[in-house]
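Observations on chain architecture
Here are the chains, one letter per residue:
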Amino acid sequence: MSYEMSDAKQSPYADAKATSISPVNTSPTPHAAAEDPNRTWYQRYFDSFKPPAADPSKAYDGEMPKPAGELHRKLKGRHLQMIAIGGSIGTGLFVGSAGSFTAGGPAAVLIGFILVGAMLFCVVHALGELAVLFPIQGSFSIYSSRFIEPAWGFAMGWNYAMQWLIVLPLELSAAAIVINYWNTHVPLGVWITIFFLIIIAINLAGVRGYGEAEFLFSIIKVLAVVGFIILAIVIDVGGAPGAGYLGAKTYSNPGAFSNGFHGVCAVFVNAAFSFAGTELVGLAAAETANPRKTLPKAAKQVFWRILLFYVVSLLLIGFIVPYDNPDLTSDQRITASPFVIAIRIGGIKVLPDIFNAVILIAVLSVGNSSTYGSSRTLAGMARVGLAPKFLGYVDRQGRPLAALVVALLFGGLAYVNLAPNGGDVFNWLLAISALSSFFTWGSICFCHIRFRRAWIYQGHSLKEIPFRSHAGVIGSWFGLIMNILCLIAQFYVAIWPVGNDGKTGTAEDFFIAYVAVPVILVFYLIFKVINWKSSRFIRSSEMDLTSNRRSLDMAEIEAEEEAERLNPTPLYKKIWGIFC
């Protein structure tokens, strides 16, 4: 199947520079061919930050074309697979889930994570369908601009960028706190600086550096969670030295639910924070060597991550750790990890230290992913006029350098947490991005619904779509409705906080929980007012379905369908194909 993109019709919100994609361009550029082989490695490294050299083969009428930087397609299938399986497993699962157990109890955690996980399965499949057909830079905001409305795409782009810009300093602070588990003599600021330098080094290595780092981090996290699941089973059935047979005693004493329906609603936001980053698979499509083959596989792997790493591990923790365990509300965030508490209940002395090392790796992994997500989103928006133009600069190594510098500068906010009142400032910063994921995921589902409607309206067939969401349009409707319900649930919790004896909370409590909504509306209205003539809801007949689209080899598609008709796939293989 061809990997060239159609440029028959250019939308004002299409990436005008991305007129073609190739699996990986390994041939030397004209500039590279002319390089002095005697130049030292550091000379070559510093030159890599310069703008790409113009390609003389694209000269027209004797004029050299203006150099245009493009992201490099250096992510391979194994990178995307591991990013999908374990890329965003971090503090949300390992530490943040403690708040879910306290607020809702084990049954509420299970219900909340299963519902959000099912919704996310539909989201990722919808995103996979769009990203395979339109593997463009800054995919989320561009899809919203093209399939919904430009003003909404502007709001969603900045919403997503801000989410990751704020997560980086959070993760740097968390990494320093993890070190305090072993060493309290070295100031936190020193550890923040060390981890900050590690994140900078990984991201300056380009997309390949990000991919290799995430590949390694994800393997460690996956092995740790699988090992924990095995250990938790042993602890629960009485095989550990510190506890006898536990079974499901915690469901009767102290109980399965902590605050009833109220507690279930409180779990949704924590679950969203834990799952945040799953959509990075779609963002990485613009830097993947062969999105047609690798992206569908990566999207399917999300099912196993949701089932195994979240649902099963939290189910077992619920059997071992009662929701009233005082360590769950410890001021020391790392000792409050329900994973570490479960190991301690089992009476195993060495493993808590080992698992805290895994938490440290997970924190660095999410910090690394946050830099990747924010820089690519900003660069993608800049290329279509939704962000300052300078943020679209891409150097010779395919790094969105200006956007990357902005993303890394936000890491300096980690030092604010060291100030006496720094925690209050940090809480407000986090509040801005607290509901970001719900808006991002809901927009992806709505984009998919709108795309499918326009695709049929404009005379296309579903057979022309290289990868179709297994959840279909129904799944996208389910995902959209679930995201709306989660926002309503958070509104309910914001007005009547858990543990407040049914009384309404303060205005500060409400805005910390819900300030993200007015911030998004402000971005939307600013763009709407400035571009009031051009920004309107896009009709199916007007929707741009050609710009940046991979051209389709219909002969190959028909051959695949004919082969499938002559050799029908057994039912069990069809079921397996949905998830693997």
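Computed from a predicted structure; not experimentally measured.

Our next topic: the overall build of the protein. Looking only at helices and strands, the protein has 22 helices and two strands in total. When burial is assessed residue by residue, the protein has 55% of its 580 residues classed as buried. Taking contacts inside the protein between residues at least 6 apart in sequence as the whole, the part at least 24 apart equals 82%. Counting every atom, the protein has about 24,200 Å² of accessible surface; 65% of that belongs to carbon and sulfur.

Once that is clear, we can look at the side chain of N325. Positionally, N325 belongs in the loop between α12 (291-320) and α13 (338-345). Among the residues examined, N325 registers a relative accessible area of 12% and is labelled buried. Here the side chain of N325 touches D327 through a polar contact of 2.9 Å, landing on its backbone nitrogen. The contacts of N325, once residues within four sequence positions are left out, are I341 and I345.

Overall, the prediction assigns the protein a mean pLDDT of 80, with 79% of residues at 70 or greater. Low pLDDT, under 50, characterises residues 1-9; the predicted model gives this stretch 41 contacts beyond four residues in sequence or across chains. Low pLDDT (under 50) marks residues 56-67, which in the prediction has twelve contacts with non-local residues, meaning those over four places away or in another chain.

Per the counting criterion, the structure on display carries zero disulfides. The structure places no disulfide on C265, whose sulfur is separated from the nearest cysteine sulfur, that of C486, by 9.1 Å. Look at C265 and you get buried, because its relative accessible area is 3%. With no disulfide partner, C445 has as its closest neighbouring cysteine sulfur the one in C122, 6.9 Å distant.

Summarising the element assignment, G211 is placed in helix α9 (residues 206-236). Once the C-alpha coordinates of G211 and A284 are considered, the two residues, 73 residues apart in sequence, prove to be 9.7 Å apart. The residues contacting G211, other than those within four sequence positions of it, are L75 and H79.

Parameters at a glance
Throughout this document, residue positions are counted from 1 along each chain, in the order its sequence is written. Only residues with pLDDT of at least 70 get local features here, since the model is predicted, and only at 80 or more are side-chain atom pairs given and counted; chain-wide, interface and lining totals rely on the full set of residues. Calculated side-chain values reflect all of the structure's heavy atoms, with hydrogen atoms and water omitted. Segments assigned H or I by DSSP are reported as helices when at least four residues long, segments assigned E as strands when at least two residues long, and all are numbered from the N terminus. Whether a residue is buried, partly exposed or exposed follows from its accessible area with a 1.4 Å probe, protein chains only, as a fraction of its type maximum: under 20%, in between, or over 50%, in that order. The contact definition used throughout considers only heavy atoms, calling two residues in contact when any of these lie within 4.5 Å. Surface accessibility in these figures is a Shrake-Rupley result with a 1.4 Å probe; residues are shielded only by whichever protein chains are displayed. The term polar contact refers here to a pair of N or O atoms within 3.5 Å; inside protein, the definition further demands a hydrogen-donor-capable atom paired with an acceptor-capable atom, and it admits residues adjacent in sequence only when both atoms are side-chain atoms. pLDDT: the predictor's confidence for each residue, scored from 0 to 100. By convention in this document, the label disulfide applies to cysteine sulfur atom pairs within 2.5 Å.

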